[in-house]
Amino acid sequence: QVQLVESGGGLVQAGGSLRLSCTASGRTFSYYAMGWFRQAPGKEREFVASAGRTSGTYYAESVKGRFTISRDNVKNTVYLQMNSLKPEDTAVYYCAANRYAAARTQVPDDYVYWGQGTQVTVSS
């Protein structure tokens, strides 16, 4: 069992930055590829970025060049640095852990553990 706790959300103006953190419980963090997803009101949950168990990062086209995912396997934490934020980035952001599927997967069902979510609001 892995528990994920996100932090770092908030309200920011368009063009600003935020860094989200997600810390995992347990001693098997490095076994999991980690992903960030987001869900805006009335919309499906969508893939944002993922990081492989030891290497490799993958991004949705909508955030490429603006967002950076990274992980620290010593601290059991995955980060999402979000720059040049836009109002359309407003959503609840979730981190998730993927034990067996390829790290590049964008399919929510491939992720077995999820955090509770953190709200990101970008004002225009």
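Everything here concerns the structure above.
Below or above, wherever it landed, is the structure these notes cover. In this text the structure is predicted, and so the values were computed from the model without any measurement.

Conventions used here
- Residues numbered from 1 in each chain as written.
- Predicted model: local features only at pLDDT ≥ 70, side-chain atom pairs only at ≥ 80, totals over all residues.
- Heavy atoms only, no water.
- Helix = DSSP H or I, 4+ residues; strand = E, 2+ residues; numbered from the N terminus.
- Buried < 20%, exposed > 50% of the residue type's maximum accessible area, 1.4 Å probe, protein only.
- Contact = heavy atoms within 4.5 Å.
- Disulfide = S-S within 2.5 Å.
- Core = buried A, V, L, I, M, F, W, Y, C linked by side-chain atoms within 4.5 Å.
- Phe/Tyr/Trp six-rings, centres within 6.5 Å; stacked < 30°, edge-to-face > 60°.

Here we come to the side chain of D89. Counting through the fold element by element, D89 comes out in the loop between β8 (77–82) and β9 (91–98). For D89, a relative accessible area of 1% puts it in the buried group. If we ignore the near neighbours within four places in the chain, the residues touching D89 are R38, R66, F67, S84, V120 and V122.

Overall, the coordinates contain 1 disulfide when judged by the stated rule. Through a disulfide, C22 is tied to C95; the S-S separation comes to 1.9 Å. Classification of the bridge connecting C22 and C95 rests on its S-S torsion, roughly 45°, and on that basis the disulfide is right-handed. You can see C22 sitting in strand β3 (residues 18–24) and its partner C95 sitting in strand β9, a full 73 residues away along the chain. We classify C22 as buried; its relative accessible area is 1%.

Ranked by size, the top nonpolar core spans 35 residues in total, and within it L4, W36, L80, M82 and Y93 carry the most contacts. Elements represented by at least two residues in this core include exactly β3, β4 (33–39), β5 (46–51), β7 (67–72), β8, β9 and β11 (118–123). Excluding its chain neighbours within four sequence positions, the residues that come into contact with L4 are C22, T23, A24, M34, C95, A96, A97, Y113, W114, G115 and Q116.

What follows concerns the packing of aromatic side chains. Pairs of aromatic rings are described using the distance from one ring centre to the other and the angle between the two planes. Using the criterion set out here, one finds 6 aromatic pairs in the structure. Here F37 and Y111 contribute two aromatic rings whose centre-to-centre distance is 5.0 Å and whose plane-to-plane angle is 80°, an arrangement assigned as edge-to-face. A residue pair is termed long-range when its members are at least 10 positions apart, and F37 in strand β4 and Y111 in the loop between β9 and β10 (113–114) qualify at 74 residues. There is no split in this pair, since F37 and Y111 are both buried. Put simply, the rings of F37, F47, Y94, Y111 and W114 pair up and form one aromatic cluster.

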